[in-house]
Amino acid sequence: KCDGVRPICGPCQKSPKDDPCEYTNAPGRSRARALEETVSRLEARLREYEHPEETPSMELYDPYQHSQAHDSGATMGVNVDRPFSSNSSYSSPSSSYNSPSSSFFGTSTLRSSPGKLCGSSESSDRPSTAGSRISLPGTRSLLELFFNNAVSFGFFLEHSRFSSSALLPLDFGHQSRPCPGLLSTVYLWGIHLSSQTQHKDLEHTLLMRALRDTASDLSTSNPHPHRFIHTIQAETLLGYYFFRNGNILEAKWHASSAVSLALGCGLNTLRSSHEQQQWSSNINLPPPQDAIEEGERINAFWAAFTLYQDIAVTVDPPRSVCGIFDTPGCQIDTPWPLDMDMYKKNILPPRSSMTMHEFLNHIQQSVDENQIASVTNVITKASLLLHQASFVAGQYDSNMSTTEAQTLFSAFQSVQQLISSLQSQLAPLEVFDHQNQNLSALREIHLAHSLVHGSNIRLNEIFLNSDADCRQYCVKSAQAIIHGGGFDVAEFGCVNPIMGTLWTLACQTLVQEIVRLRSLRTGENKDKEDSLSASLQRGLSALTFFSTNSALMDKSFLSSPLFNVR
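Residues numbered from 1 in each chain as written. Predicted model: local features only at pLDDT ≥ 70, side-chain atom pairs only at ≥ 80, totals over all residues. Heavy atoms only, no water.

A. Examining the overall build of the protein more closely. A count of helices and strands for the protein gives 19 helices and 2 strands. Evaluated residue by residue, the protein yields a buried proportion of 53% over its 566 residues. Long-range contacts, defined here as pairs at least 24 residues apart, represent 73% of the contacts in the protein between residues at least 6 apart. Summing over all exposed atoms, the protein offers an accessible surface of approximately 25,900 Å²; the carbon and sulfur share of this is 50%. (Helix = DSSP H or I, 4+ residues; strand = E, 2+ residues; numbered from the N terminus. Buried < 20%, exposed > 50% of the residue type's maximum accessible area, 1.4 Å probe, protein only. Contact = heavy atoms within 4.5 Å. Areas by Shrake-Rupley, 256 points an atom, 1.4 Å probe, with all protein chains shown as cover.)

Below, the structure is given as structure tokens:
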């Protein structure tokens, strides 16, 4: 025990240490005192979240409540009955891509004034406590803008059901409407995708609210009947939000939260053919009411799975991409997902077991025409193969033993066969009608092809400098990603964040090939070099275009020194 002797106490004299003794009554703040104050602040913040009823509330109001110029009076008021802290370290970059839906927001502006935040005239939520007043664009417009891009960011719920419940003229948090965390997150995405720069401050406010509501939806005293699935959806959307904005630590956190809750709800064993085997879940969901609800649960698991894998591929070293889904104790029996339109036709995938294990080990699985036709199905498998290709490539070492090399080559051939098989199921991009096809559907088809080609590159790039066939395979896949069957990707408006990883991978492959050709100094390679340079510029143009709205592409990819090739 410290005896208080100065300048060095007795115990420290007997056992010398590097750090000097600190005293609570010394001038200035000691390191121990600073840590104590930090702990006190964090404990206070924790009490805020655990006891939201003890802190002021606030409510959003509809700026169009006196006008029918927008949404024909169909906007909803939003009452926020839990606090948020403006001291959060989270930040949200402004978004300004030109969207055809941007006109929905008219001339709405942000403002603040004393008093409570009011809902629209259709909402009965009028808390008496004081708060901040801000204007929120019409919720119907926000939902429409969000749904135009929702599939690219892991939205797995049925659109019309969600939209109908979100627009009900009921209080924010009413059990007939979506959970507050999910609704706040959807509004956040709507504002984020808006081209109206005056919404920048509102986006940060909605982000704080979405984080707070999502964190507390599972512990509220009046539990929502769909709180678990809605929270998985909110965490997935938040994961994509941070992924898109380059906040990788936060993206990983929310992806892990979505995955943990999905596993806790037993979504990894849905429609298992092992009826007697039960996943040791702590949460028992009620039986699904129909095929749509069961399909939502299936797709919920795979949406969280895909986000988790894509983030790992993007930011983790190849040897470290393995995660919770690669652990021996994690069994996945849930069948591969289908498109929502199929569930709406009462079509469900066949029962299965060891879904991922059997797929990766070439064990014959039941594959029907619905699975082949499902873009969601192909994207999920392609994301898995990109992850597997990254892992296999990461095991390569030029000094590995003969036994290790044989093991690696066996794994290489196995993954290559899976990639080729999946690629054969995809119709060429050139056959799709670019003019008349749904833009969202084209964007997903383009993503499926890009993931497959990216898997090819990631797997074969380990032999890029030593094997001519692998090198040409990588170059062709890189050009396929960049040219995308002639699609004008700028028309997509926004894309899944993983496209930044894939375009960067393709550009890096082309850079390496251009450098190799230049080193040969032969005139016969000039035409080929010019062709590759044109493809490289097209790829860089895509990255540049989307980097204006995605900090991930801007600060993580375009800063690469490999792109200084001229």
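B. Structural view of the layout of surface pockets. What the largest pocket holds in volume is close to 1,100 Å³. In this structure, the largest pocket is lined by 50 residues; those nearest its centre are V151, H159, T376, S440 and E444. Sorting the residues of the lining of the largest pocket by element identifies α3 (139–147), α9 (291–315), α10 (340–344), α13 (375–394) and α15 (439–460) as the ones contributing at least two each. No other element matches α15, which puts 8 residues into the lining of the largest pocket. The class makeup of the residues in the lining of the largest pocket is 24 nonpolar, 17 polar and 9 charged. (1 Å grid on protein atoms, 1.4 Å probe; cavity = no way out; pocket = protein on both sides within 12 Å on 5 of 7 lines; lining within 4 Å. Points joined across faces, edges and corners; volume = space filled by probe spheres on them. Nonpolar A, V, L, I, M, F, W, Y, C, P; charged D, E, K, R; others polar.)

C. Summary view of the packing of helix α7 (residues 227–244) against helix α8 (residues 248–264). Taken N-terminus to C-terminus, the directions of α7 and α8 make an angle of 160°; their axes are 8 Å apart at the nearest point. As judged from the angle between their axes, α7 and α8 are roughly antiparallel. Crossing hand, α7 versus α8: left-handed. Contact residues: α7 offers F228, T231, I232, E235, T236, L238, G239, F242 and F243, while α8 offers I248, E250, A251, H254, S257, A258, L261 and A262. The residue makeup of the contact of α7 with α8, split by class, is 10 nonpolar, 5 polar and 2 charged. (Axes fitted to C-alpha atoms, helices over the stretch in contact; angles between N-to-C directions. Parallel < 35°, antiparallel > 145°, perpendicular 65-115°, else oblique. Left-handed = near helix turned anticlockwise from the far one by under 90°.)

D. Structural context of the packing of aromatic side chains. This model, assessed by the stated rule, comprises 20 aromatic pairs. Ring geometry for W336 versus F359: centroids 5.3 Å apart, planes at 75°, classification edge-to-face. Note that W336 is positioned in the loop between α9 and α10 and F359 in helix α11 (residues 355–360), a separation of 23 residues in sequence. As far as burial versus exposure is concerned, W336 and F359 are alike and both buried. When the ring of F412 is compared with that of F463, the centres are 5.4 Å apart and the planes differ by 75°; the resulting orientation is edge-to-face. Here the residue F412 occupies a position in helix α14 (residues 402–424), and F463 occupies one in the loop between α15 and α16 (468–483), the gap between them amounting to 51 residues. Summarising the burial analysis for this pair, F412 and F463 share the class buried. (Phe/Tyr/Trp six-rings, centres within 6.5 Å; stacked < 30°, edge-to-face > 60°.)

E. Quick peek at helix α17 (residues 498–520). Here α17 spans 34 Å end to end across 23 residues, near enough to the 33 Å set by a 1.5 Å rise per residue. Of the residues flanking the end of α17, it is R521, one or two places downstream, whose phi is positive at about 50°. (Expected span 1.5 Å × (residues − 1).)

F. The pattern of salt bridges, seen in detail. In total, this model carries 12 salt bridges according to the counting rule given. Between R471 and E513 there is a salt bridge, with its nearest N and O atoms 3.8 Å apart. Placement of R471 in helix α16 and of E513 in helix α17 is noted, with a sequence separation of 42 residues between them. As far as burial versus exposure is concerned, R471 and E513 are alike and both buried. Each of R471, E513, R516 and K528 takes part in salt bridges that share partners, so that together they form one network. (Salt bridge = Lys/Arg side-chain N within 4 Å of Asp/Glu carboxyl O.)

G. Spotlight on α7. An ideal rise of 1.5 Å per residue puts 26 Å on 18 residues; α7 measures up with 25 Å between its terminal C-alpha atoms. Burial analysis of α7 places 17 of its 18 residues in the buried class, the great majority of the element. Directly beyond the C-terminal end of α7, a positive phi value near 80° is found at G246.

H. Representation of the packing of α16 against α17 within the structure. Where α16 meets α17, the axes come as close as 9 Å, and the angle between the chain directions of the two elements is 130°. Taken as axis vectors, α16 and α17 run oblique relative to one another. Every pair of crossing elements has a handedness; the one defined by α16 and α17 is left-handed. Contacts between α16 and α17 involve R471, Q472, C474, V475, A478, Q479, I481 and I482 from the former and L502, W503, A506, C507, T509, L510, E513 and R516 from the latter. Within the contact of α16 with α17, the residues separate by chemical class into 10 nonpolar, 3 polar and 3 charged.

I. Representation of the environment of W336. The exposure class assigned to W336 is buried, which follows from its relative accessible area of 4%. Each C-alpha atom, one on W336 and one on V378, is 9.0 Å from the other, the two residues being 42 residues apart in sequence.

J. Seen up close, the nonpolar core. The biggest cluster of nonpolar side chains holds 130 residues, and the ones touching the most others in it are F162, L267, F325 and W503. Those residues within four positions of F162 in sequence are excluded, and the remaining contacts are L143, F147, F155, L157, P178, L182, L183 and V186. (Core = buried A, V, L, I, M, F, W, Y, C linked by side-chain atoms within 4.5 Å.)

K. Here's a closer look at the environment of L168. Tracing the sequence through the fold places L168 in the loop between α4 (159–166) and α5 (180–192). The exposure class assigned to L168 is partly exposed, which follows from its relative accessible area of 31%. Put simply, L168 and P178 are 10 residues apart on the chain and 9.9 Å apart in space, counted from C-alpha to C-alpha.

L. Quick peek at the side chain of T236. As for its position among the elements, T236 is in helix α7. Polar side-chain contacts of T236 include one of 2.8 Å to the backbone oxygen of I232. Apart from residues lying up to four places away in sequence, T236 is in contact with F153, G154, F156, A258, A303, A304 and L307. (Polar contact = N/O pair within 3.5 Å; in protein donor to acceptor, adjacent residues only side chain to side chain.)

M. A look at the environment of N222. Positionally, N222 belongs in the loop between α6 (200–216) and α7. In the structure, N222 is positioned 47 residues away from Q175 in sequence and 8.9 Å away in space, judged by C-alpha atoms. Here Q175 takes part through its side chain, which lies 3.0 Å from a polar atom of the side chain of N222.

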